Amino acid sequence: MSYAIIGFGNIGKALAKAFARKGIKVSVATTRAPETFAADAAAIGPTIIPKKLAEAVTADIIFLAVRFESHPEVAKAHATWQGKTIVDVTNAYGVAPEKLGGQPSSKFVAQAFSGARLVKGFNHLIAATLDQDPAMHGGRRVVFLASDDDAAAAEIGALAENLGFSPIKLGGLSEGGLLIQARGNSWGHLIFKDLVKFDR
Ligand SMILES: NC(=O)c1ccc[n+]([C@@H]2O[C@H](COP(=O)([O-])OP(=O)(O)OC[C@H]3O[C@@H](n4cnc5c(N)ncnc54)[C@H](OP(=O)(O)O)[C@@H]3O)[C@@H](O)[C@H]2O)c1
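Model, not experiment: these values are computed from the prediction.

J.: How should I be thinking about helix α1 (residues 10-21) in this particular structure?
T.: Residue pairs spaced three or four apart in an α-helix point in one direction, given the helix's 3.6 residues per turn. Relative to the 16 Å expected for 12 residues at 1.5 Å per residue, α1 spans 17 Å between its end C-alpha atoms, a close match to the ideal helical length. Just downstream of α1 lies glycine 23, where phi reads positive at about 70°.

Right, dumping it as structure tokens:
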């Protein structure tokens, strides 16, 4: 299984740190040439591989860590998204519901990445919190996942566990997924809730 993070800003770097902590290889890409952020990637760890966008999007599992407005541009970077899993980390705060056709923001994103399986997640915490080691207070930091594809949610749940988080599945994008959705001037009720799960 290969992994990529598209966007290497606050959230992209926080996700990269999680991969680096566990020694898992992940490609990172922006609109820029990889040389321009190679030093930042190296500072996080040797498993963080800077790539051109066109190369990074060949990965099996792709974290979308760009601003919501940039997702259509990323979607143009690959001819087909069939067989891939997109993890939508974007928050559409400030985007009018009418612009989304009244849909949950992740359903709108899923349309751009036609053929891919989409999981919304890793988006409910501020970057400075997501950045930290998820092993804390004798438990593991919670990440919420929502998807209309149960197998994709399970796949990303397993990855979240490998990264040291405790995933909680919320169900479909239009159901539990609304708890972690931002849209217009509203935040879902679980956004910003930094929770820790204890194994017993
Ligand atoms: N910041 C937070 O605390 C937080 C928390 C939860 C969720 N989020 C969500 O996470 C997403 C990223 O937020 P952020 O704060 O990390 O933003 P950011 O710091 O502005 O970083 C955005 C990154 O996306 C890249 N990018 C922009 N357009 C691109 C394109 N077409 N193709 C490839 N890369 C592109 C930018 O690279 P260039 O240098 O090439 O422009 C930059 O590395 C947003 O949707 C935000 O709502 C943020």
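Still more ground to cover, so stick around.
J.: How do you make sense of the pattern of salt bridges when you look at a structure like this?
T.: Pairing between side chains of opposite charge can happen when their charged atoms approach one another. Tallied over the full model, the rule gives 8 salt bridges. The salt bridge partner of aspartate 131 is lysine 17, with a shortest N-O separation of 3.1 Å. Here aspartate 131, found in the loop between α6 (127-130) and β8 (135-136), pairs with lysine 17, found in helix α1; they are 114 residues apart in sequence, far enough to count as distant. Take aspartate 131: its relative accessible area is 23%, and that puts it in the partly exposed class. Among the salt bridges present, the one from aspartate 199 reaches arginine 140, with a minimum N-O distance of 3.1 Å.

J.: Help me out: how do you make sense of the nonpolar core in this one?
T.: Soluble globular proteins tend to pack their nonpolar side chains together in the buried interior. Ile5, Leu15, Phe19, Phe63, Phe122, Leu130 and Phe165 are the most contacted members of the largest nonpolar core, which has 33 residues in total. Counting only elements with at least two residues in this core, the list comes to β1 (3-6), α1, β2 (26-29), β4 (61-64), α6, β9 (139-147) and α7 (150-162). It is α1 that provides the largest number of residues to this core, a total of 6 residues. Within the second largest apolar cluster, 30 residues are counted, among which are Ala29, Ala116, Leu173 and Ile180.

Procedures and definitions
- Residues numbered from 1 in each chain as written.
- Predicted model: local features only at pLDDT ≥ 70, side-chain atom pairs only at ≥ 80, totals over all residues.
- Heavy atoms only, no water.
- Helix = DSSP H or I, 4+ residues; strand = E, 2+ residues; numbered from the N terminus.
- Expected span 1.5 Å × (residues − 1).
- Salt bridge = Lys/Arg side-chain N within 4 Å of Asp/Glu carboxyl O.
- Buried < 20%, exposed > 50% of the residue type's maximum accessible area, 1.4 Å probe, protein only.
- Core = buried A, V, L, I, M, F, W, Y, C linked by side-chain atoms within 4.5 Å.

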